[in-house]
Amino acid sequence: MKIYEYAVAPNCRRVRMYLAEKDLDIPFAQVDIAKGENLTPEFRSMNANTKVPVLALDDGTHITESVAIQRYFEELHPEPPLFGRDAREKALVEMWGRRADFNLMLTVGMCFQHVSGFFKDRMNVYPAFGEDAGKHAMQFMGVLNDHLSDHEYLVGDYFSVADIGMVCGLDFGKVQNLRPDAEKHPHLIRWREQLKQRPSFNA
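None of these values were measured; they are calculated from a predicted model.

Each value, and the rule that gives it
- Residues numbered from 1 in each chain as written.
- Predicted model: local features only at pLDDT ≥ 70, side-chain atom pairs only at ≥ 80, totals over all residues.
- Heavy atoms only, no water.
- Salt bridge = Lys/Arg side-chain N within 4 Å of Asp/Glu carboxyl O.
- Helix = DSSP H or I, 4+ residues; strand = E, 2+ residues; numbered from the N terminus.
- Buried < 20%, exposed > 50% of the residue type's maximum accessible area, 1.4 Å probe, protein only.
- 1 Å grid on protein atoms, 1.4 Å probe; cavity = no way out; pocket = protein on both sides within 12 Å on 5 of 7 lines; lining within 4 Å.
- Points joined across faces, edges and corners; volume = space filled by probe spheres on them.
- Nonpolar A, V, L, I, M, F, W, Y, C, P; charged D, E, K, R; others polar.

Some thoughts on the pattern of salt bridges
And then number 1: Taken as a whole and judged by the stated rule, the model has ten salt bridges.
And then number 2: Between Glu 74 and Lys 22 there is a salt bridge whose closest N-O contact spans 3.0 Å. Pair noted here: Glu 74 is in helix 3 (residues 66-76) and Lys 22 is in helix 1 (residues 10-22), with a separation of 52 residues, a long-range link.
And then number 3: Exposure remark for Glu 74: the relative accessible area of 10% places this residue in the buried category.
And then number 4: The exposure class of Lys 22 is buried, given its relative accessible area of 7%.
And then number 5: Among the ionic pairs, Glu 193 bridges to Arg 192, the shortest N-O distance being 3.9 Å.
And then number 6: A relative accessible area of 14% means that Arg 192 is categorised as buried.
And then number 7: Through salt bridges with shared partners, a single ionic network connects Arg 13, Asp 171, Arg 192 and Glu 193.

Structure, rendered in structure tokens:
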């Protein structure tokens, strides 16, 4: 069993944080996206989408997408539960996880891809689209701040994979200077500082 990753990529951090919360030690192999190592035929045979992370199982199965990898390990190691403890929590964790994906991870990612120039040698870039995506990410930080004004974590007082996904998306924003503001987003900053105290934060 091995996980192929690019250490600085936010979805790879997402998996590492999850594994740290579970106290699981899985070997990693680095794939240098900057050098295009994810575009080789060998990597494409594992993931046709050329994305990381990829979990390679001993039987030859390859599991891609960070949440799918998390769910695989959740089935094997259900304690402590990070996808919810009852029907209500599981639904809310799923809801906030998807909000994290659509409103931060995706929008910040589009801003990075279309504005930074990192991918200009391998895709068509549209800076205006990227800038608009970045504005959407900043607007969503306001929504998050309001929600966290009376919630310890995204799902009440329960820490979950939704918090992991959201903080990875939030921190990804730093590459494009999309950051919460101390005056506008005090509750969002409080939440991040709380997560920062967890050993998994620096996984």
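Back to the write-up after that little detour.
Regarding the layout of surface pockets
And then number 1: Each pocket or cavity is described by its volume, and for the largest pocket that value is around 970 Å³.
And then number 2: Pro 10, Asn 11, Lys 51, Val 52 and Gln 113 are the residues nearest the centre of the largest pocket, which is lined by 31 residues in total.
And then number 3: For the lining of the largest pocket, the secondary-structure elements that each account for two or more residues are helix 1, helix 3 and helix 4 (87-115).
And then number 4: Looking at the lining of the largest pocket residue by residue, the classes come out as 19 nonpolar, seven polar and five charged.

Function cannot be read off these values alone, since they describe shape.
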